[in-house]
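One-letter residues, chain by chain:
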Amino acid sequence: MPEHLSHNQPCLPEGEARLPVVPQIQVTRNCNLACGYCFQEHAGGIISLATVETILQRVIAHNLAVDPLNPVIQVYWHGGEPLLAGRDFFRTIIDLESQYPQLTFENRIQTNGTLMTEELARLFAEHRFQLGFSLDGPKEIHNRYRCLRGSRYGSFDDARRGLELYRHHARVDRVAVIAVVTRAGIGRAAELFHFFKELQAEVQLDIYDVRWLDLLPGGREGGELPDLAPLPEEVGRFLIELFDLWFYDQDRQVDFKELRQEVKMVLQPELKLGDPFDKKRCDFRRLIFAPDGQVFSCDQWVNDAQTALGEIHRDSLADILERKAALWEKIKQRIRGSGAQMACGSCEWGQQCGGGCFTCMKYNAMLLRARAAGLPDSRWTDVALPPAWEEIRGETYYCRGLWAFRRHVREAVRRELAHAG
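Figured I'd write up the structure that's included with this text.

Rules of the game
- Residues numbered from 1 in each chain as written.
- Predicted model: local features only at pLDDT ≥ 70, side-chain atom pairs only at ≥ 80, totals over all residues.
- Heavy atoms only, no water.
- Helix = DSSP H or I, 4+ residues; strand = E, 2+ residues; numbered from the N terminus.
- Buried < 20%, exposed > 50% of the residue type's maximum accessible area, 1.4 Å probe, protein only.
- Contact = heavy atoms within 4.5 Å.
- Pairing = 2+ DSSP bridges.
- Right-handed = clockwise from strand over helix to strand, strands pointing away.
- Axes fitted to C-alpha atoms, helices over the stretch in contact; angles between N-to-C directions.
- Parallel < 35°, antiparallel > 145°, perpendicular 65-115°, else oblique.
- Left-handed = near helix turned anticlockwise from the far one by under 90°.
- Nonpolar A, V, L, I, M, F, W, Y, C, P; charged D, E, K, R; others polar.
- Expected span 1.5 Å × (residues − 1).
- Phe/Tyr/Trp six-rings, centres within 6.5 Å; stacked < 30°, edge-to-face > 60°.
- Core = buried A, V, L, I, M, F, W, Y, C linked by side-chain atoms within 4.5 Å.
- Salt bridge = Lys/Arg side-chain N within 4 Å of Asp/Glu carboxyl O.

### Concerning the overall build of the protein chain
Within the protein chain, the secondary structure is distributed over 13 helices and 12 strands. Scored against the burial criterion, the 421 residues of the protein chain give a buried share of 51%. Considering only contacts in the protein chain between residues 6 or more positions apart, those separated by 24 or more positions represent 75%.

In structure tokens form, the structure reads like this:
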């Protein structure tokens, strides 16, 4: 067990370990791209099939024990770049899953698309794998940060070719895309909109994730924060322009998941995401399985083996979930306190927003400061946050922009409802 999880754990809220698990399996940490904003270290080989089999066995047994009437097992295949594993790897995965004919597997792959082949596309289409492609926009924007490893060449042409191969064989109306929004595209909302409309995409926007080092003076190598991260007001203007293009478009050839969720929030204000205020990837059921079998709360922590919750060959999923819940309770108690310091609690969108990563980023900063002081990980609560971090409230660096954007969405939806009435 990781040493920082073994002492003075708060009591686990009843029932937390009785939730089904949604595994995110890192096929490899390696990648054939060298993206300028990537937080992962790219090294190592492909996960062993024995480890994959153990993960699937443990997940199936756990999920059926906690929810025996649900025969659906969702599995996310990530990396690094999962297609580095090749066709034979995924063919074997399909064979492993076929040993459970009473279950339905929903396999989802996140890929940069550059390694897609006819054979892989046919295999994924035949067995109904759902693929999401990392594509940041038109060629100039995409290639700004997404270059082939070991070269100066951008990956756009290869990524687009791979996406179209999958579209051809899967015969899907919409192709799922994750687009990272940096300063390269923040002032080009119309260009991005029309590109994804022509692509007929279902887009998930990922505004550049600010890391804890980014907010310390001189903390980011290679330049100041604005080189990658837009300013909060820029994010607000970008989202407002993009929303208007999407909301009033009559063709309906493109969809943006976050924009649709914002409209839903206005129409159904009673819906609550609850606590923690976090990103969707923080879903308590989601566990990250590294190629060596270590299990993490978040894929942002996989570079730090000491933060692992356990090891799949050794630890039960119930124990791992208990450690995840215990760590989160300890983080909240030490960093959030009574909650009075959190701007989310008083924000009119607090319970609906989904927030960001600042609470866990503060934990990470304190953990590293404890290590620098020669303290064991279990004593991360004994150190103070960097002074600049004490002033940060809420969960998102971009809050001011998001407030302006949400006010705009609310008024636009209300006007449409009044007009329709």
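### A look at the pairing of strand β7 (residues 175-181)
Residues in a regular strand point their side chains to alternate faces of the sheet. Counting buried residues along β7, five of its seven residues qualify, which places the element largely inside the surrounding structure. Across three bridges, the pairing between strand β5 (residues 130-134) and β7 is parallel. Paired with Gly132 across the bridge in β7 is Ala176. When β7 meets strand β8 (residues 201-207), the two strands line up parallel, connected through seven bridges. Counted as the bridge partner of Ile178 is Gln204 from β8. Tracing the backbone out of β7, into helix α6 (residues 189-199) and back to the parallel element β8 gives a crossover that is right-handed.

### Re the packing of helix α3 (residues 118-126) against helix α5 (residues 156-170)
Where α3 contacts α5, the axes come no closer than 8 Å and their chain directions differ by 45 degrees. Taken as axis vectors, α3 and α5 run oblique relative to one another. Viewed along their axes, α3 and α5 form a crossing whose handedness is right-handed. Listed contacts from α5 to Glu118, Ala121, Arg122, Phe124 and Ala125 of α3 are Leu165, Tyr166, His169 and Ala170. Taken together, the residues of the contact of α3 with α5 sort by class into six nonpolar, one polar and two charged.

### Considering helix α13 (residues 399-420)
For α13, with 22 residues, the first-to-last C-alpha span of 31 Å sits near the 32 Å given by 1.5 Å per residue. Summarising the contacts, the buried residues of α13 are in contact with α7 (232-247), α8 (257-267) and α10 (350-353).

### With respect to the sheet that holds β8
Strand order across the open sheet formed by 10 strands is β9-β8-β7-β5-β4-β3-β1-β10-β11-β12, with mixed pairing between neighbours. Looking at strand neighbours, the two that pair on one side only are β9 (255-256) and β12 (310-311), the edges of this open sheet. Bridging between strand β1 (residues 22-26) and strand β3 (residues 72-78) involves three bridges; their strand directions are parallel. Paired with Gln26 across the bridge in β3 is His78. Where α5 meets the sheet, it contacts β5 and β7, and its direction lies at approximately 160 degrees from that of β5.

### A look at the pairing of β8
The alternating pattern of β8 places Ala201, Val203, Leu205 and Ile207 on a buried face, while none of Glu202, Gln204 and Asp206, on the opposite face, is buried. Summarising the sheet, β8 and β9 pair through two bridges and their orientation is parallel. Paired with Glu202 across the strands is Asp255, a residue of β9.

### Overview of the packing of aromatic side chains
Under the definition given, this model contains 20 aromatic pairs. An angle of 35 degrees between the planes, with centres 5.2 Å apart, marks the rings of Phe124 and Phe129 as tilted. The exposure classification of Phe124 matches that of Phe129, with both residues buried. Ring geometry for Phe195 against Phe196: centres 5.1 Å apart, planes inclined by 70 degrees, an arrangement best described as edge-to-face. Comparing Phe195 with Phe196 shows no difference in burial state: the two are buried.

### Considering the nonpolar core
Core analysis: the biggest nonpolar cluster contains 91 residues, and Trp77, Phe90, Met116, Phe124, Phe196 and Phe256 have the highest contact counts within it. Broken down by element, this core gets its largest block of residues, seven residues, from α7. In contact with Phe124, not counting residues within four places along its chain, are Leu83, Phe90, Ile109, Met116, Phe129, Leu131 and Tyr166. Counting 22 residues, the second-largest nonpolar core is a separate cluster that includes Ile288, Phe296, Trp301 and Ile392.

### A closer look at the pattern of salt bridges
Using the criterion set out here, one finds 25 salt bridges in the structure. The residue Arg122 makes a salt bridge to Glu119 at a minimum N-O spacing of 4.0 Å. Here Glu119 and Arg122 lie together in helix α3, a separation of three residues that amounts to about one turn. For Arg167, the salt bridge goes to Glu164, with nearest N and O atoms at 3.0 Å. On the criterion of helical spacing, the pair formed by Arg167 and Glu164 is a turn pair, its members being three residues apart in helix α5. Judged by its relative accessible area of 15%, Arg167 falls in the buried class. The exposure class of Glu164 is partly exposed, given its relative accessible area of 27%. Via salt bridges that share partners, Arg160, Glu164, Arg167 and Glu198 belong to a single interconnected network.

These values are about where atoms sit, not about what they do.
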